[in-house]
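Residue strings, one per chain:
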Amino acid sequence: MDRELLLEIGCEEIPASWLPPAVAQLADRLEKRLAEQRLEIPSPIETFGTPRRLTGRIARLAERQTDLEEVLMGPAVSAAFGADGTPTQAALGFARKQGADIHALERVETPKGTYLAYRRHQRGKATSDVLPDALAGVLRDLSFPKQMHWDAWLDDGRGELLFGRPIRWLLFLYGGRVVPFTIKRTDLALSAQVQEVRTAAVTYGHRFLATTGRSGRAIKVRTFDEYRAKLAESFVLLDRNERHDKIARELDAHARRLGGRVGTGGSAQSALLQEVPDLVEYPSVVAGTFAPEFLELPEEVLATTMIHHQHFFPVFNPEGRLLPAFLAVTNTQPDNARVIARNCERVLTARLRDARFFWDADRKVPLATRVQQLETVLVHKALGTYRAKAERVAALARWIAAEAVGRPEAADQAEAAGRLAKADLTTEMVREFTQLQGTMGGIYAREEGQSEAVWRAIYHHYLPAGVEQDAPPARQELGPAAIVWAAVALADKLDTVCGLFGAGERPTGTRDPLGVRRQAHGILKILTDLPELTGIDRALALNELINRTGAGLDPDQRRALDQFLRERLRYLFEVRGYAYDELNAVLGPADGRGAALRPFSPLDIRRRLEALRQVRGSADFEALAVAFKRVKNLAKELKDGPTRTLGRLTEPAEVALIGEFEARGAQIRHALAAGDYAQAFRAASGFRPAVDRFFTDVFVMVDDAALRTQRLTLVWRLHELLLELADISEIVPRTES
């Protein structure tokens, strides 16, 4: 009979950013550990989390382990018995080790011969007997960004138990009965206030709002339904979606009463709405106001102060302008919401007064003067100061605008924006509100009267931070600054990535403290989406940009950087939904096999992928992809190089393929020159009949060496022609449904 399993790990408050991954881990680790104990799980694992608890529930769990039957292999029969059939010491020792009679051993046929074996059958234990081991494994498995030492240990032979926060209680029930388990405390920690944590059939409600009025009063439960209902009575909403929806409803209602709407459209506000359900167990919303005079500050400063520093939601009027009001999510059910609102207003007003002081003080010093002050700010011990970086970025941005992008009229503005881009790092506002670096530089440049192209380029130059096609900035946000922005953003990121690779700061699988991946993603996103972002339809070769920026890289550093960027570009297209075989065909295999097929231009690769996706569904193309694997393998047999002419090829299938090669080769190369990759792929698909006939009618590897070389030369030429487009041998045919 299957029974319900209920686990709750009660903790001190878990940080909001840790909670969703911890809840996901709990489901995975619980399933893994129960499977190790041979426990069947007929119903799905449900997991929940609040700041003070991680909960797992399985509606039906088998009441016994599955029986274990295993075959233990012993010595070979030839070594187990003598010539007269008497068991040898090898056979007797194996039987003794298994606790079995020699006559109970079986003979098992294997590819290596006949062996003695013992078939052991072990009846499964009761579930309640093995659950403690499963829980110990789960507690060991759960990982957090920072693990805490809290003087706790498990009696599992591994000693100290680290956890994200100290565990205060454990609810562990199977079929309504407590499964015994203990987290022990060290002798030095044990006291009247610090005790061992033992499993029990109790949970605890809201830290401040328990229905009894006594914080920390135990609540007895036996089933999940009872557990969830009693938590709700004790002001704990277990389901994260329920907390999220309650917050969203109350935010909307309060904003309407204020005559506006809550600001949840932007990325920062949306991120806050996703974060606050993990900060509270019973959310409520209160509304507050601030002095209208603070609306003279830039909206970016007001929003950052409210969202990032106070976790408040800004309120906007119907026209999208900020109102002098905010909404705060609290973890209580306030009897007097106005008292809480006044306290929030007092804290926010103090922050806004600081921001206004910084705003007034910073504008007294021009950005050009601040560039000189960058001499005191270090980029990296191997890369010098931001003053030097400003000059490098200015020069590189000018070259990108004038030469790489081909817009010399934008070169002066790109140089100016590149030189001023980091100047705001010396401002008081950015020192206090680090999220506003770049943004404040653009705002201060606008206040100084810099051109729109310059100030917008500075404002957005840290973007893009993601590789998604819709990752900001959008073209309409850039306006007339699009080209200048692209030049400055590329120059800044290229300088950083090349400089850090030269300094030996390469990211690893688990470590990237300087954000090199994020910078690389920004470079590749700009180059891949250059037409949409700037209106310039030009496939910039990344290797040329690296040559200009990373001239000081040694050959090993350059190879490592090229490989890193190729991996990141592959990731970009994986995020955008391209299949692994499509990426192998255009970018080369992920394991780095083979040389690059063409200059490394992200936009060019994107267009080849788009064209490949259009044509790959056709029967001719899929059949050609299969045949091209044979073409590729045969091309490798041409050891002594191709012949100049193909005069000995007179078979009809050979002549037909030569004719197709000459006609379609011209079509493919013309389409490639025009950048019409879809047409090039369609022309390539037309090779299928001639290639099929060639391989059906012609034996390539004949004994006649001269004839064999000419046939291999024809195959080699076809291989080289199609490689100019893509390595279509990597395409895996799709099975028709």
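Residues numbered from 1 in each chain as written. Predicted model: local features only at pLDDT ≥ 70, side-chain atom pairs only at ≥ 80, totals over all residues. Heavy atoms only, no water.

So, the overall build of the protein
Regarding its fold elements, the protein presents 28 helices and 20 strands. Relative to its length of 737 residues, the protein is extended, with a C-alpha radius of gyration of 34 Å against a globular reference of 27 Å. With the C-alpha coordinates aligned to their principal axes, the bounding extent of the protein is approximately 105 × 100 × 50 Å. Considering the protein as a whole, with its 737 residues, one finds that 50% of them fall into the buried category. Long-range contacts, defined as pairs at least 24 residues apart, comprise 71% of the intrachain contacts of the protein with a sequence gap of at least 6. When the 100 basic and 99 acidic side-chain charges of the protein are each reduced to a single mean position, those positions are 2 Å apart. (Helix = DSSP H or I, 4+ residues; strand = E, 2+ residues; numbered from the N terminus. Rg over C-alpha atoms; globule rule 2.2 N^0.38 Å. Buried < 20%, exposed > 50% of the residue type's maximum accessible area, 1.4 Å probe, protein only. Contact = heavy atoms within 4.5 Å. Lys, Arg positive; Asp, Glu negative; His and termini not counted. Charge placed at Lys NZ, Arg CZ, Asp CG, Glu CD.)

Focus: the nonpolar core
Ranked by size, the top nonpolar core spans 145 residues in total, and within it Ile 400, Met 429, Leu 542 and Phe 687 carry the most contacts. Considering every element that reaches this core, the biggest residue donor is helix H17 (residues 482–502), with 15 residues. Contacts of Phe 687, omitting those with residues within four sequence positions, involve Leu 624, Leu 657, Glu 660, Phe 661, Arg 664, Gly 665, Ile 668, Leu 718, Leu 721 and Leu 722. Counting 38 residues, the second largest nonpolar core, distinct from the first, contains Cys 11, Ala 22, Leu 30 and Leu 170. (Core = buried A, V, L, I, M, F, W, Y, C linked by side-chain atoms within 4.5 Å.)

Some words on the sheet that holds strand S5 (residues 106–110)
What the 3 strands build is an open sheet, ordered S4-S6-S5; its pairing is antiparallel. This sheet does not close on itself; its edge strands, each paired only once, are strand S4 (68–76) and S5. Between one strand axis and the next, the sheet turns through 45 degrees on average, direction left out of account. Where S5 and strand S6 (residues 113–122) come together, 5 bridges link them in antiparallel fashion. Within the sheet, the bridge partner assigned to Val 108 lies in S6 and is Tyr 115. Packed onto the sheet, helix H3 (residues 89–98) meets S4 and S6 and runs at close to 160 degrees relative to S4. (Pairing = 2+ DSSP bridges. Axes fitted to C-alpha atoms, helices over the stretch in contact; angles between N-to-C directions.)

A short note on the pairing of strand S1 (residues 3–11)
The side chains of a regular strand alternate between the sheet's two faces. Most of S1 sits out of view: 8 of its 9 residues are buried. Bridge count for S1 against strand S3 (residues 53–61) is 7 bridges, and the pairing is antiparallel. Among the inter-strand pairings, Leu 6 is bridged to a residue of S3, identified as Arg 57.

Some points on the sheet that holds strand S18 (residues 322–330)
Spatially, 4 strands are ordered S15-S17-S18-S16 in an open sheet, and the strand pairing comes out antiparallel. What marks the edges here is a single partner per strand, and that holds for strand S15 (261–262) and strand S16 (284–289). Pairing of S16 with S18 involves 6 bridges; the strand directions are antiparallel. By the bridge assignment for S18, Gly 288 is matched with Phe 326.

A word on the packing of helix H12 (residues 411–420) against H17
Interaxial distance between H12 and H17 falls to 9 Å at its minimum, and their mutual angle equals 45 degrees. On the basis of their axis angle, the class for H12 and H17 is oblique. Judged by the sense of rotation from one axis to the other, the crossing of H12 with H17 is right-handed. Between H12 and H17, the residues in contact are Gln 413, Ala 414, Ala 417 and Gly 418 and Val 484, Ala 487 and Val 488, respectively. (Parallel < 35°, antiparallel > 145°, perpendicular 65-115°, else oblique. Left-handed = near helix turned anticlockwise from the far one by under 90°.)

Overview of the environment of Ala 474
Among the secondary structure elements, Ala 474 is positioned in the loop between helix H15 (452–460) and helix H16 (475–478). Classification of Ala 474 as partly exposed rests on a relative accessible area of 26%. C-alpha of Ala 474 to C-alpha of Lys 146: the two residues are 328 residues apart in sequence and 36 Å apart in space.

What about the pattern of salt bridges?
Here the structure, examined in full by the defined rule, presents 63 salt bridges. Across the pair Arg 398 and Asp 412 runs a salt bridge whose closest N-O atoms are separated by 2.7 Å. Separated by 14 residues along the polypeptide, Arg 398 in helix H11 (residues 386–404) and Asp 412 in helix H12 bring together distant segments of the chain. Judged by relative accessible area, Arg 398 falls into the partly exposed class, the value being 33%. (Salt bridge = Lys/Arg side-chain N within 4 Å of Asp/Glu carboxyl O.)

Here we look at helix H14 (residues 439–448)
Burial of H14 is extensive: 7 of the 10 residues sit out of reach of the surface. Buried within H14 are the following residues: Thr 439, Met 440, Gly 441, Gly 442, Ile 443, Tyr 444 and Ala 445. Tucked inside the fold, the buried residues of H14 contact helix H8 (299–310), helix H9 (337–362), helix H10 (367–373), helix H13 (428–432) and H15. Just downstream of H14 lies Gly 449, where phi reads positive at about 95 degrees.

What to know about the domain arrangement of the protein
Taken domain by domain, the protein comprises domain 1 (3–64 + 126–233), domain 2 (71–121), domain 3 (240–362), domain 4 (377–577) and domain 5 (616–730). Using C-alpha coordinates to define each centre, domain 1 is positioned 47 Å away from domain 4. (Domains from an automatic or database assignment.)

Quick notes on the pairing of S6
In this structure, S4 lies alongside S6, joined through 7 bridges in antiparallel fashion. When the sheet's bridge partners are listed, Glu 70 is paired in S6 with Arg 120. Linking two consecutive strands that pair antiparallel, namely S5 and S6, is a turn of 2 residues.

With respect to the packing of aromatic side chains
A complete count under the given rule lists 14 aromatic pairs for this structure. Note on Trp 359 and Tyr 444: the rings are 5.5 Å apart at their centroids and 25 degrees apart in plane angle, and the pair reads as stacked. Separated by 85 residues along the polypeptide, Trp 359 in helix H9 and Tyr 444 in helix H14 bring together distant segments of the chain. For the pair Trp 359 and Tyr 444, a shared accessibility class is recorded, and that class is buried. Between Phe 501 and Phe 564, the ring centres sit 5.2 Å apart and the planes meet at 45 degrees, which makes this aromatic pair tilted. In this pair, Phe 501 is assigned in helix H17 and Phe 564 in helix H21 (residues 555–575), connecting sequence segments 63 residues apart. Judged by relative accessible area, which is 2%, Phe 501 ranks as buried. Above the ring of Trp 455, the side-chain terminus of Arg 446 is found at 5.0 Å from the ring centroid. (Phe/Tyr/Trp six-rings, centres within 6.5 Å; stacked < 30°, edge-to-face > 60°. Lys NZ or Arg CZ within 6 Å of the ring centre and 35° of its normal.)

Quick notes on helix H26 (residues 677–685)
Summarising burial for H26: 7 of the 9 residues are buried, a large majority. Turning to H26, its buried residues are Tyr 677, Ala 678, Ala 680, Phe 681, Ala 683, Ala 684 and Ser 685. Of the surrounding elements, those touching the buried residues of H26 are helix H23 (602–615), helix H24 (619–635), helix H25 (652–674), helix H27 (688–697) and helix H28 (705–723).

A word on the environment of Gly 384
Considering the arrangement of structural elements, one finds Gly 384 in strand S20 (residues 384–385). In the structure, Gly 384 is positioned 347 residues away from Gln 37 in sequence and 57 Å away in space, judged by C-alpha atoms. Residue contacts for Gly 384: discarding those within four places in its chain leaves Leu 378 and Val 379.

Quick look at unusual backbone geometry
Residue Pro 464 is bonded to the preceding Leu 463 through a cis peptide linkage, with omega at 0 degrees. Examined against the element boundaries, Pro 464 turns out to sit in the loop between H15 and H16. With an omega of 10 degrees, the peptide bond running from Pro 472 to Pro 473 counts as cis. Position of Pro 473 relative to the elements: it lies in the loop between H15 and H16. Backbone geometry at Arg 38 places phi at a positive 60 degrees, although glycine is not the residue there. Relative to the helices and strands, Arg 38 is located in the loop between helix H1 (19–36) and strand S2 (45–50). Residues other than glycine seldom take positive phi values, yet Phe 235 does so here, at roughly 65 degrees. When you line up the elements, Phe 235 lands in the loop between helix H5 (224–233) and helix H6 (240–257).

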